[in-house]
2 protein chains.
Amino acid sequence: MHTFVPKTKKKMYEKKIPLPLECGLAMTREILGGKWKPNLLLAISLGINRPSQLHREIPQSTKRVLNLQLKELEEFEMIEKKIYHQLPPKVEYHLTKRGETLMHILRQMNEWGDKNRPFIKSIILNRTKALD
Amino acid sequence: MHTFVPKTKKKMYEKKIPLPLECGLAMTREILGGKWKPNLLLAISLGINRPSQLHREIPQSTKRVLNLQLKELEEFEMIEKKIYHQLPPKVEYHLTKRGETLMHILRQMNEWGDKNRPFIKSIILNRTKALD
DNA sequence: CGGCATCCGCCAAGATACTG
DNA sequence: CAGTATCTTGGCGGATGCCG
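Residues numbered from 1 in each chain as written. Chains lettered and ligands numbered in written order. Predicted model: local features only at pLDDT ≥ 70, side-chain atom pairs only at ≥ 80, totals over all residues. Heavy atoms only, no water.

Turning chain A through 180° and shifting it by 0.0 Å along the axis lays it on chain B, with an RMSD of 0.1 Å. Here the transformation between the copies is reduced to the relation of a two-fold axis. By C-alpha distance to the rotation axis, the residue of chain A lying nearest is Ile105(A), at 3.2 Å. Mapped onto chain B, 100% of the interface residues of chain A again fall at the interface, so both copies present the same surface. (Least-squares fit on C-alpha atoms with pLDDT ≥ 70 in both. Contact = heavy atoms within 4.5 Å.)

Near DNA strand C there are 20 residues, and of these Lys35(A), Gln69(A), Ser52(B), Lys63(B) and Lys81(B) occur at the shortest range. Among the atoms of DNA strand C close to the protein, meaning within 4 Å, 60% are from sugar or phosphate groups. Lys35(A) is positioned with one of its backbone polar atoms (N or O) 2.7 Å from a phosphate oxygen of DNA strand C. Those elements that provide at least two residues to the surface near DNA strand C are α4 (63–75) of chain A together with α3 (51–57) and α4 (63–75) of chain B. (Near = heavy atom within 4 Å. Polar contact = N/O pair within 3.5 Å; in protein donor to acceptor, adjacent residues only side chain to side chain. Helix = DSSP H or I, 4+ residues; strand = E, 2+ residues; numbered from the N terminus.)

Residue and element names in this part refer to chain A. At the junction of Leu87 and Pro88, the peptide bond is cis and its omega measures out at -5° in the coordinates. Among the secondary structure elements, Pro88 is positioned in the loop between β1 (79–84) and β2 (90–95). Its identity as a non-glycine residue notwithstanding, Glu77 has a phi of 60°, on the positive side. With respect to the helices, strands and loops of the structure, Glu77 is situated in the loop between α4 and β1. The exposure class assigned to Glu77 is partly exposed, which follows from its relative accessible area of 42%. (Buried < 20%, exposed > 50% of the residue type's maximum accessible area, 1.4 Å probe, protein only.)

What follows deals with the packing of helix α2 (residues 37–45) of chain B against α4(B). All names here are of chain B. Look at α2 against α4: their axes get within 10 Å of each other, and the N-to-C directions meet at 75°. As judged from the angle between their axes, α2 and α4 are roughly perpendicular. For the pair α2 and α4, the contacting residues are Lys37, Leu40, Leu41 and Ile44 in the first and Leu66, Gln69, Leu70, Glu72 and Leu73 in the second. Residue composition of the contact of α2 with α4, by class: 6 nonpolar, 1 polar and 2 charged. (Axes fitted to C-alpha atoms, helices over the stretch in contact; angles between N-to-C directions. Parallel < 35°, antiparallel > 145°, perpendicular 65-115°, else oblique. Nonpolar A, V, L, I, M, F, W, Y, C, P; charged D, E, K, R; others polar.)

This brings us to α4(B). All names here are of chain B. Here α4 is 13 residues long and its end C-alpha atoms lie 18 Å apart, about the 18 Å a rise of 1.5 Å per residue gives. Among the residues making up α4, those that are buried are Leu66, Gln69, Leu70 and Leu73. When α4 is viewed along its axis, its buried side chains cluster within an angular range of 105° and face the same direction. Turned more than 90 degrees off the buried face of α4, the exposed positions are Arg64 and Lys71. At the exit of α4 stands Glu77, carrying a positive phi of roughly 55°. (Expected span 1.5 Å × (residues − 1). Arc of directions from axis to C-beta.)

Counting from both sides, the interface comprises 47 residues of chain A and, opposite them, 49 residues of chain B. Of the roughly 4600 Å² buried between chain A and chain B on both sides combined, carbon and sulfur atoms contribute 66%. Where chain A packs against chain B, one counts 0 salt bridges. Elements represented by at least two residues in the side of chain A that touches chain B include exactly α1 (21–32), α2 (37–45), α3 (51–57) and α6 (103–129) of chain A. (Buried area = accessible area lost by both parts, 1.4 Å probe. Salt bridge = Lys/Arg side-chain N within 4 Å of Asp/Glu carboxyl O.)

Every one of the 20 residues lining DNA strand D counts as a neighbour, but Ser52(A), Lys63(A), Lys81(A), Lys35(B) and Arg64(B) are closest to it. Sugar and phosphate atoms form 53% of the subset of DNA strand D atoms that lie within 4 Å of the protein. A distance of 2.7 Å separates a phosphate oxygen of DNA strand D from a polar atom in the side chain of Ser52(A). Here Lys35(B) contributes a backbone N or O atom positioned 2.8 Å from a phosphate oxygen of DNA strand D.

To continue, consider the side chain of Asn110(B). Following the sequence through the fold, Asn110(B) ends up in helix α6 (residues 103–129). From its side chain, Asn110(B) meets the backbone nitrogen of Gly24(A) in a polar contact 3.5 Å long.

These values are about where atoms sit, not about what they do.
The structure is reproduced here in structure tokens:
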């Protein structure tokens, strides 16, 4: 009797591939994974196109770093660089088609941050306050 | 003569606040700004709740780092930690209401990365190939 | 299984100054 | 105005091992 005791059944199929979790996110991180890249993209999309303007917009950073990150965004063809050969030099950045596909994500990140700012700030404040 | 030479007019209104650019994005970066946080959130939302599972899911990282980032996500109340006091110990993470509000952003980041992977990879490959 | 302590290397990002 | 060169740093994340 009970000749057919089903051994503690394992799940029929072990997921081989740990889910394509990393993939997509890793790719996106490759593009947006610079401290100021999201800000740069958002600013450019708002018509702030020139390096000096961008630096004024993000004074917390430096020309150098902004340049680096702009160059990377350009390398991945998220933005295009237009150089006016004149004196003084003039440069403009513009979103590419591909870069525009990022905008709704960036806008949502921005909105989310705005909505949650009070909450997040309160946590940060309490954290430092605890160090008294 | 020329008594009324209007001095080089400045723009009527200088933007005092460099646009609330940083704000929203900076807040969001405060939350998602860890190498594995997006992956962790996404995984948890998919029902991968236990530390060991999560580590299996993201074997590129280490227990330590994952723990750190989980702790931060918990601190900001994006996830909740449920501890079962038993032996061997058991722990489960779950998204909070607030954490769930991040999911559509994360899913979009994931999708975007998937869609653009071929393109991005090709650029990365050509880059390293250029070093021959 | 889950968590923490220790040690360490690296690199992104800041500071500064100079050129065209 | 735009861009680059040089130097420095902080801290994040990786590697390992021990403990309850």
